[in-house]
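# Structural overview
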Amino acid sequence: MNKLPNTRGLGGLSAGSSAVIGHHELIRSGALHDATPHDVEYLTGTMGLKTIIDLRTDLEIAAKPDPAIPGAQWVHVPLLDTWEYEEIGLRTLTESGLEEMRNQGPEMMVRLYRKIVGAPEGIRGLKKFFQILLAQRSGSVLWHCTQGKDRTGVAAAILERILGCDAQVVEQDYLQTNPCLHMQEDQTEAWLTKKLHLSQKTARDFSFLFEARPEFLQAAWDMIDTEFGGFAAYLENQLGLDQEKQAQLKRMYTC
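All of these numbers come straight from a predicted model, not from anything done at the bench. (Residues numbered from 1 in each chain as written. Predicted model: local features only at pLDDT ≥ 70, side-chain atom pairs only at ≥ 80, totals over all residues. Heavy atoms only, no water.)

### Structural notes on the environment of D205
- Checked against the element boundaries, D205 lands in the loop between helix 11 (200-204) and helix 12 (214-228).
- The exposure class of D205 is partly exposed, given its relative accessible area of 31%.
- As a C-alpha pair, D205 and P106 span 99 residues in sequence and 9.8 Å in three-dimensional space. (Helix = DSSP H or I, 4+ residues; strand = E, 2+ residues; numbered from the N terminus. Buried < 20%, exposed > 50% of the residue type's maximum accessible area, 1.4 Å probe, protein only.)

If you want it as structure tokens, here you go:
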């Protein structure tokens, strides 16, 4: 990929003792607005892309819409309420907002992950996400948010658990975002330093905004366990995924 640093397939991930996730079927990504013609050709040609699931808010999409990709259906499936997410961006534009964010630190991201799996918007979105995966008949599915880190990471982690990936595999795939986005992290620090006149040390205090951290993903699992009776109950009662649908996902996406 030329301009899509955090676009990667799930193919080949271990899904239990005798299965792997199939290649050219499931793709996680950051936003696609910077995709080059080469990137589009690779996605549609090599990867056989047929469905794009955009997990972003309305305002994110309006600011940086996905390009039209020939042969691929685009579906909007937001996982966060528009204001809840945009509030983070608005805070970065004021000194007081930045100070509040720095004081809250990683706890702000913990709350975000709890909302992704626990708020009504997140549950509706995740339910729709799996309905689309179950309805796929050919080609690959790509889902993305802005960085491909939080909303995309949670959706991928839930799917990987359903498909039989153990905790270590799920966490490793989630954390793979960090080396993929290393250059963007440097660019974000530079933006904070230049645009908001922050020292380099102060800019690094905001690293929690563009890093995948184990404690963030764990916050989602803890929310599911404490508020919804555990992972199995959450899948069935909140996402509408009974045992047969989970088995269907395994038949479709593992080999």
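There is more to say after this.
### Brief notes about helix 13 (residues 231-238)
- Burial in helix 13 covers these residues: F231, Y234 and L235. Down the axis, helix 13 shows its buried residues gathered within 100° of arc, on one side only. Exposed residues on helix 13 whose side chains face more than 90 degrees from its buried face are A232 and N237.
- Next to the buried residues of helix 13 lie helix 5 (106-118), helix 6 (120-135), helix 7 (151-163), helix 12 and helix 14 (243-253).
- Where helix 13 ends, the next residue or the one after it, G240, has phi of about 70°, a positive value. (Arc of directions from axis to C-beta. Contact = heavy atoms within 4.5 Å.)

### A few points about the pairing of strand 2 (residues 26-29)
- A two-sided burial pattern is seen for strand 2, the buried positions comprising L26 and R28 on one face and I27 and S29 on the other.
- In the sheet, strand 1 (residues 8-9) pairs with strand 2 via two bridges, with the strands oriented antiparallel. When the sheet's bridge partners are listed, R8 is paired in strand 2 with R28.
- One ladder, built from four bridges, connects strand 2 with strand 5 (residues 140-144); its direction is parallel. If you follow I27 over to strand 5, its bridge partner there is L142. (Pairing = 2+ DSSP bridges.)

### Describing the packing of helix 5 against helix 12
- Packing of helix 5 against helix 12 leaves a shortest axis separation of 8 Å and a crossing angle of 45°. Considering the angle they form, helix 5 stands oblique to helix 12. Crossing handedness for the pair helix 5 and helix 12: right-handed. Contacts from P106, M109, V110, Y113, R114, V117 and G118 in helix 5 reach E215, F216, L217, A219, A220, M223, I224, E227 and F228 in helix 12.
- Class assignment of the residues belonging to the contact of helix 5 with helix 12 gives a composition of twelve nonpolar, one polar and three charged. (Axes fitted to C-alpha atoms, helices over the stretch in contact; angles between N-to-C directions. Parallel < 35°, antiparallel > 145°, perpendicular 65-115°, else oblique. Left-handed = near helix turned anticlockwise from the far one by under 90°. Nonpolar A, V, L, I, M, F, W, Y, C, P; charged D, E, K, R; others polar.)

### Some words on the packing of aromatic side chains
- Scanning all chains against the criterion turns up six aromatic pairs.
- On the numbers, 6.3 Å between centres and 90° between planes, the contact of Y113 with Y174 is edge-to-face. Separated by 61 residues along the polypeptide, Y113 in helix 5 and Y174 in helix 8 (residues 167-175) bring together distant segments of the chain.
- Given a relative accessible area of 0%, Y113 falls into the buried group.
- Measuring from centroid to centroid gives 5.0 Å for F129 and F130, while their planes differ by 80°, and the two rings are edge-to-face.
- Members of the aromatic cluster, each reached through a chain of ring pairs, are Y113, Y174 and F216.
- Against the face of W221 rests R161, its NZ or CZ located 4.5 Å from the ring centre.
- The positively charged end of R161 is found above the aromatic ring belonging to F231, 3.8 Å away from the centroid. (Phe/Tyr/Trp six-rings, centres within 6.5 Å; stacked < 30°, edge-to-face > 60°. Lys NZ or Arg CZ within 6 Å of the ring centre and 35° of its normal.)

### A few points about the nonpolar core
- Counting residues in each nonpolar core, the largest one holds 60 residues, and the members touching the most others are F130, W143 and I158.
- Mapped onto this core, the elements with two or more residues apiece are helix 5, helix 6, strand 5, helix 7, helix 8, helix 12, helix 13 and helix 14.
- Those residues within four positions of I158 in sequence are excluded, and the remaining contacts are V117, L126, F130, W221, F231, Y234, L235 and L239.
- If you look at the next biggest cluster of nonpolar residues, it comprises twelve residues, including L4, V40, I69 and L142. (Core = buried A, V, L, I, M, F, W, Y, C linked by side-chain atoms within 4.5 Å.)

### Structural notes on the pairing of strand 5
- The buried fraction of strand 5 is high, at five of five residues.
- As defined by bridge partners, strand 3 (residues 49-54) adjoins strand 5 across five bridges and the pair is classed as parallel. Bridging across to strand 5, I53 finds its partner in W143.

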